[in-house]
Amino acid sequence: MKSVAEILRSKPHALVYSVSPDTTVLDAIKLMAEKGIGALVVLHNGRLAGIVSERDYARKVALLERSAFSAQVSEIMTAEVITVGPSQTAQECMQLMTDRHLRHLPVMAEGELIGLLSIGDLVKETIAEQASLIRQLEQYIRGE
């Protein structure tokens, strides 16, 4: 199974989009829609301060009838962010995401944000790994 670092290197678009805690929720949602992503990391003075997702918007703004125009990201973000390191495996990340009901994991190395993994990234990697294993088994069966 690949490491987080290997998965990040294989991502076609490794950009991590971010906002500051004082960004309006509306601006954050617009950025997510524009980029076709489901979450943004929240950086304060270049350091990870939280993560905000479409799920946060749905549960903490829309359902509570807050105004996306005036609410700030800091009011709805998850501040206690679970992160992973570059040496962890895809399997470890999938287990963590399953156990904690997460869809995104910031990747940290030496205190610095180096990437963001989504559940989609991990599913894609798992499918590719399984397809490779099937091909190898078929070749073995055929005696190749």
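Under the annotation held in an unreviewed UniProt entry, the protein chain carries the name CBS domain-containing protein and is attributed to Pseudomonas benzenivorans.

Trainee: When you look at the layout of surface pockets in this model, what are you seeing that I'm missing?
Mentor: Space left empty within the atom packing is revealed by a probe, the size of a water molecule, rolled over the atoms. By volume, the largest pocket is sized at about 390 Å³. If you trace the largest pocket, you find 17 residues lining it, with Ser-53, Arg-55, Thr-78, Leu-102 and Arg-103 closest to the centre. Among the secondary structure elements, those contributing two or more residues to the lining of the largest pocket are strand 3 (47-53), helix 3 (54-62) and strand 4 (104-109). Top element by residues in the lining of the largest pocket is helix 3. It accounts for five residues. Taken together, the residues that form the lining of the largest pocket break down as five nonpolar, five polar and seven charged. Take the lining of the second largest pocket: its biggest share by element is three residues, from strand 5 (residues 112-118).

Trainee: Would you take a moment to explain the pattern of salt bridges for this structure?
Mentor: Charged atoms that come close allow side chains of opposite charge to pair. Within this structure, the stated rule accounts for six salt bridges. For Lys-60, the salt bridge identified is with Asp-56, shortest N-O distance 3.3 Å. Residue Lys-60 and its partner Asp-56 are located together in helix 3, separated by four residues, close to a single helical turn. Judged by its relative accessible area of 27%, Lys-60 is partly exposed.

Trainee: I would appreciate a short explanation of the UniProt feature "domain: CBS" (unreviewed entry) in the protein chain in the present structure.
Mentor: Under the present numbering, the feature "domain: CBS" (unreviewed entry) in UniProt falls on residues 10-69 and 77-132. In the segment residues 10-69, helix accounts for 35% and strand for 25%; the C-alpha atoms at its two ends are 37 Å apart. For residues 77-132, the end-to-end C-alpha separation is 38 Å, with 45% helix and 23% strand making up the annotated structure.

Trainee: Teacher, can you tell me more about the sheet that holds strand 1 (residues 18-19) here?
Mentor: Backbone hydrogen bonds are what pair the strands of a sheet, in a parallel or an antiparallel way. What the three strands build is an open sheet, ordered 1-2-3; its pairing is mixed. Single-partner strands in this sheet number two, and they are strand 1 and strand 3. Strand direction decides the pairing type here: strand 2 (residues 39-44) and strand 3, joined by six bridges, are antiparallel. Across the sheet, Val-42 pairs through a bridge with Gly-50, a residue of strand 3. Sitting on the sheet, helix 2 (residues 25-35) is in contact with strand 1, strand 2 and strand 3, with an inclination near 130° to strand 2.

Thresholds applied
Residues numbered from 1 in each chain as written. Predicted model: local features only at pLDDT ≥ 70, side-chain atom pairs only at ≥ 80, totals over all residues. Heavy atoms only, no water. 1 Å grid on protein atoms, 1.4 Å probe; cavity = no way out; pocket = protein on both sides within 12 Å on 5 of 7 lines; lining within 4 Å. Points joined across faces, edges and corners; volume = space filled by probe spheres on them. Helix = DSSP H or I, 4+ residues; strand = E, 2+ residues; numbered from the N terminus. Nonpolar A, V, L, I, M, F, W, Y, C, P; charged D, E, K, R; others polar. Salt bridge = Lys/Arg side-chain N within 4 Å of Asp/Glu carboxyl O. Buried < 20%, exposed > 50% of the residue type's maximum accessible area, 1.4 Å probe, protein only. UniProt positions renumbered as here; feature names shortened; annotations may be inferred. Pairing = 2+ DSSP bridges. Contact = heavy atoms within 4.5 Å. Axes fitted to C-alpha atoms, helices over the stretch in contact; angles between N-to-C directions.

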